[in-house]
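Read off the chains here:
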Amino acid sequence: MLLNAFEKRLVTGSLRRVVQRRLDAARLLKLGGRVEDGTVLEIGCGRGFGVEAALDLFGAKQVHAFDDDPQMVGLAQRELTKRGLMAGVHAPRIWHGNVHEIQAASGEYDAVFDFQVLHHVTDWRGALEEIARVMKPGATLYLVESLRGLIDNPVWGRWMNHPKEDRFTLPMLTEELQRRGFEVQAHRNWGKQFVWLVAARS
Ligand SMILES: C[S@@+](CC[C@H](N)C(=O)[O-])C[C@H]1O[C@@H](n2cnc3c(N)ncnc32)[C@H](O)[C@@H]1O
């Protein structure tokens, strides 16, 4: 589901980069460690701050990323070019695509990053299935998500354009990950609103 104008401003503003690096990426690093030299995928990359973090904080060698919104793809390409990251043989590959049909071979990735995307996806279970498909056995899923407790908040709900039906709680998310062969290695949650989670694909 595409973002409304308000959320688009939030996730493409400079403050988002600070939050994503200092809070989200820092917490995921603490929970799961670095990727070190692997090929990683970011789903729903927004303005590309997660791609940058995968490269310089997590030590990924090659990053692939896509977003369902062509405007985001353009913003990410511009942002990463501005930061000098779009050059060389290991330049990130960014494309317009949907998490339901990831344009990648099965077992291609050493890690997948989800920074606040799944809660926008109506069929989030189908998305988990597709994410599992493109991961190598033993690969790591790094995930930061908004839980049902936040989506159901009436004030938040007025500002955001999220699907409202069948949103996940932390136990639901954990159960669906396990069902798809993931082992949750560590997580932290902020009440029933947010979760930072690292899982290994068995
Ligand atoms: C809340 S934003 C997060 C953006 C970025 N990951 C960040 O943390 O700043 C959610 C992003 O997911 C994208 N998105 C939503 N549904 C998607 C889907 N089905 N497939 C791929 N991307 C999707 C949106 O276009 C948006 O860029």
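Please refer to the structure higher up on the page.
Calculation rules
- Residues numbered from 1 in each chain as written.
- Predicted model: local features only at pLDDT ≥ 70, side-chain atom pairs only at ≥ 80, totals over all residues.
- Heavy atoms only, no water.
- Helix = DSSP H or I, 4+ residues; strand = E, 2+ residues; numbered from the N terminus.
- Buried < 20%, exposed > 50% of the residue type's maximum accessible area, 1.4 Å probe, protein only.
- Contact = heavy atoms within 4.5 Å.
- Patch = residues over 30% accessible without salt bridge, like charges linked within 9 Å, V, L, I, M, F, W, Y side chains within 5 Å.
- Areas by Shrake-Rupley, 256 points an atom, 1.4 Å probe, with all protein chains shown as cover.
- Salt bridge = Lys/Arg side-chain N within 4 Å of Asp/Glu carboxyl O.
- Near = heavy atom within 4 Å.
- Polar contact = N/O pair within 3.5 Å; in protein donor to acceptor, adjacent residues only side chain to side chain.
- Nonpolar A, V, L, I, M, F, W, Y, C, P; charged D, E, K, R; others polar.
- Axes fitted to C-alpha atoms, helices over the stretch in contact; angles between N-to-C directions.
- Parallel < 35°, antiparallel > 145°, perpendicular 65-115°, else oblique.
- Left-handed = near helix turned anticlockwise from the far one by under 90°.
- Core = buried A, V, L, I, M, F, W, Y, C linked by side-chain atoms within 4.5 Å.
- Pairing = 2+ DSSP bridges.
- Right-handed = clockwise from strand over helix to strand, strands pointing away.

Participant: So what's going on with the environment of Leu-3? Residues and values would help.
Facilitator: The topology assignment puts Leu-3 in the segment before helix H1 (5-12). The class of Leu-3 is partly exposed, set by a relative accessible area of 21%. Separated by 158 residues in sequence, Leu-3 and Asn-161 place their C-alpha atoms 6.3 Å apart. Leu-3 has contacts with Lys-8, Val-11, Met-72 and His-120, leaving out every residue within four places of it along the chain.

Participant: I'd like a rundown of a nonpolar patch on the surface, residues and numbers included.
Facilitator: A cluster of nonpolar residues, Phe-6, Leu-10, Val-155 and Trp-159, forms a patch on the protein surface that exposes about 400 Å² of accessible area. If you trace the backbone, Phe-6 turns up in helix H1. Accessibility expressed as a relative area gives 34% for Phe-6, which makes it partly exposed.

Participant: Can you break down the site of the ligand residue by residue, with the values?
Facilitator: Surrounding the ligand, one finds 23 residues, the nearest of these being Arg-16, Gly-44, Asp-67, Val-99 and Phe-115. Within the side chain of Arg-16, one N or O atom sits 2.7 Å away from an oxygen atom of the ligand. Between the ligand and Asn-98 there is a distance of 3.3 Å, counted from a nitrogen atom to a side-chain nitrogen or oxygen. Its free accessible area being 590 Å², the ligand has 98% of it covered by the protein chains. Of all the elements in the fold, those that place two or more residues in the shell around the ligand are H1, helix H2 (14-32) and strand S2 (62-67). Classifying every residue of the shell around the ligand by side-chain character gives 10 nonpolar, seven polar and six charged.

Participant: Explain the packing of H2 against helix H3 (residues 49-56) residue by residue, including any values.
Facilitator: Relative to each other, H2 and H3 sit at 45 degrees, their axes nearing to 10 Å. One finds that H2 runs oblique with respect to H3. For the pair H2 and H3, the crossing hand works out as right-handed. Across the interface between the two elements, Arg-16, Arg-17, Gln-20, Arg-21 and Ala-25 from H2 touch Phe-49, Gly-50, Glu-52, Ala-53 and Asp-56 from H3. In the contact of H2 with H3, the residues fall into three nonpolar, two polar and five charged.

Participant: Give a detailed account of the nonpolar core, specifying residues and quantitative values.
Facilitator: The biggest cluster of nonpolar side chains holds 31 residues, and the ones touching the most others in it are Leu-41, Val-112, Leu-141 and Leu-173. Sequence-distant contacts of Leu-141, defined by excluding residues within four places in its chain, comprise Val-112, Ile-131, Met-135, Leu-177, Phe-182, Leu-197, Val-198 and Ala-199.

Participant: How would you explain the pairing of strand S1 (residues 39-43) if you had to name every residue and give the values?
Facilitator: Buried residues dominate S1, accounting for four of its five residues. The pairing of S1 with S2 spans five bridges and is parallel. Looking at the pairing, Thr-39 lines up with Gln-62 of S2. One crossover worth recording links S1 to the parallel S2 by way of H3, and it is right-handed. As judged from the four bridges shared by S1 and strand S4 (residues 109-115), these two strands associate in the parallel manner. Among the inter-strand pairings, Glu-42 is bridged to a residue of S4, identified as Phe-113.

Participant: Residues and numbers for the packing of H1 against helix H4 (residues 70-82), please.
Facilitator: As a packed pair, H1 and H4 sit with axes 12 Å apart at the nearest point and diverge in direction by 20 degrees. Considering their axes alone, H1 and H4 lie roughly parallel with respect to each other. Between H1 and H4 lies a crossing of right-handed hand. Here Lys-8, Val-11 and Thr-12 of H1 come into contact with H4, specifically with Gln-71, Met-72 and Leu-75.

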